[in-house]
Amino acid sequence: MLVLGIESSCDETGIALYDTERGLLSHALYSQIAMHAEYGGVVPELASRDHIRRALPLTQQVLDDAGLLLSDLDGIAYTQGPGLAGALLVGTSIAEALAFALNIPTVGVHHLEGHLLAPLLEANPPSFPFVALLVSGGHTQLMRVSGIGDYELLGDTLDDAAGEAFDKTAKLLGLGYPGGPAVSKLAASGKAGRFKLPRPLLNSGDLNFSFSGLKTAVLSIVNDEKSQSGQLDENSKADIAFEFQEAVTEVLTTKCMNALRETGLDSLIVSGGVGANQRLRERLNQAARRKLCHVHYPRPEFCTDNGAMIAFAGAFRLNSMRMQNAIEGNHGFTVKPRWDLAELHTP
Ligand code: KG4
Ligand code: ZN
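Residue-level account of the coordination of the zinc ion (ligand 2), with values.
Coordination of the zinc ion (ligand 2) by the protein involves His 111 (NE2), His 115 (NE2) and Asp 305 (OD), with metal-donor separations of 2.1 Å. Bound by 4 donor atoms, the zinc ion (ligand 2) shows angles of 92 to 135° at the metal and therefore tetrahedral coordination geometry. Written as a sequence motif, the donor arrangement for the zinc ion (ligand 2) is H-x3-H-x189-D. Taken together, the residues His 111 and His 115, both in helix H4 (residues 111–117) and 4 residues apart, mark about one turn of the helix.

Pasting the structure below:
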């Protein structure tokens, strides 16, 4: 079954072709980061308009790359939520209109299910069940994944998501958007020991997270430095970035190892934008090796938003629906800007 995937929930237009027999055939991405950078964050209206400009040319591009035609498609998967309502509407309406014209089925995919399953696009994927750490700009969740659509929430952030903390810290340090890659690049030249930051909820006895206090602690260091020396020099910025990254990755690593211990499972998958962080990968790999566990990641470009994860999750769901004769021909649509992953069911 050949499925076109369309991701348009935020600031990336991602399009991909996934075939249930042959795997991922092609994928393309247009990132709006440069457009939003001058505003310091995503401007929803600009995002929607840009998705309109990019979605169809990228669809043609992935078809050309795979040597296929629109008429070869068996189904279309699109991100139905959660995300920015206007941005979601662009992908959803394009998907439904194309599918109506081609007389093929569609499926609305949960963006986080896409992220969760992204590591399964790689060679040697883990088998179910496994523990998943979903760390993005909007989420920091630990889950037990027993199968597609079978997700049990083990822990969640009580306030800011890890990616959000990276983005806010980047702003405090005067770095650009998105903050994660910028903080992590600066941290590489930072030194240990000069600043101290807390490790929130490290020993809380549960699997929850809290990152907003960390951002406040960074703010207070920045203010102290500025009042003592009149400005924040480059070395101080790098040392703060270093300590911030150490704090976040230590908490994430410890909680992941606790989740493996509590569930008795030996595989962990990590997905979402912060999963691209090299220091996090280093720490998780080291800790997992000690516990004889395995960690699986998507390739870095599939950690952040992309069409491949939507095509993959959608192809699985469409295929299951087809086998159960559960495909509907109705091309009406709604988007779900807020959508709890726990509402999903096994297809
Ligand atoms: O999954 P994603 O592309 O979008 C959603 O939030 O759904 O994740 C984006 C987040 C941003 O907060 C960004 O700063 C963070 O992931 N991020 C990183 C890195 N690359 C992206 N954080 C830390 N280190 C990175 N290398
Ligand atoms: Zn995402």
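Any details on the layout of surface pockets? Residues and values, ideally.
Its boundaries defined by the atoms lining it, the second largest pocket holds a volume of some 550 Å³. Around the second largest pocket, the lining is made up of 25 residues, and of these Gln 80, Thr 106, Val 107, Gly 108 and Met 321 lie nearest the centre. Broken down by secondary-structure element, the contributors of at least two residues to the lining of the second largest pocket are strand S4 (75–81), strand S5 (106–110) and helix H10 (307–323). A per-element tally of the lining of the second largest pocket places S5 first, with 5 residues. In terms of residue class, the lining of the second largest pocket is made up of 10 nonpolar, 9 polar and 6 charged.

Break down the packing of helix H8 (residues 234–263) against helix H9 (residues 278–290) for me, citing the residues and quoting the values.
For the pair H8 and H9, the least separation of the axes is 9 Å and the interaxial angle reads 35°. Regarding H8 and H9, the two cross each other, and that crossing is right-handed. The segment H8 lies against H9, with Gln 245, Glu 246, Thr 249, Glu 250, Leu 252, Thr 253, Cys 256 and Met 257 engaging Arg 279, Leu 280, Arg 283, Leu 284, Ala 287 and Ala 288. Broken down by class, the residue content of the contact of H8 with H9 amounts to 7 nonpolar, 3 polar and 4 charged.

About the cut-offs
Residues numbered from 1 in each chain as written. Chains lettered and ligands numbered in written order. Predicted model: local features only at pLDDT ≥ 70, side-chain atom pairs only at ≥ 80, totals over all residues. Heavy atoms only, no water. Donors = N, O, S within 2.8 Å, 3.2 Å for Na, K, Ca; no water. Tetrahedral: all angles 85-135°; square planar, octahedral: opposite > 155°, others 65-115°. Helix = DSSP H or I, 4+ residues; strand = E, 2+ residues; numbered from the N terminus. 1 Å grid on protein atoms, 1.4 Å probe; cavity = no way out; pocket = protein on both sides within 12 Å on 5 of 7 lines; lining within 4 Å. Points joined across faces, edges and corners; volume = space filled by probe spheres on them. Nonpolar A, V, L, I, M, F, W, Y, C, P; charged D, E, K, R; others polar. Axes fitted to C-alpha atoms, helices over the stretch in contact; angles between N-to-C directions. Left-handed = near helix turned anticlockwise from the far one by under 90°. Contact = heavy atoms within 4.5 Å.

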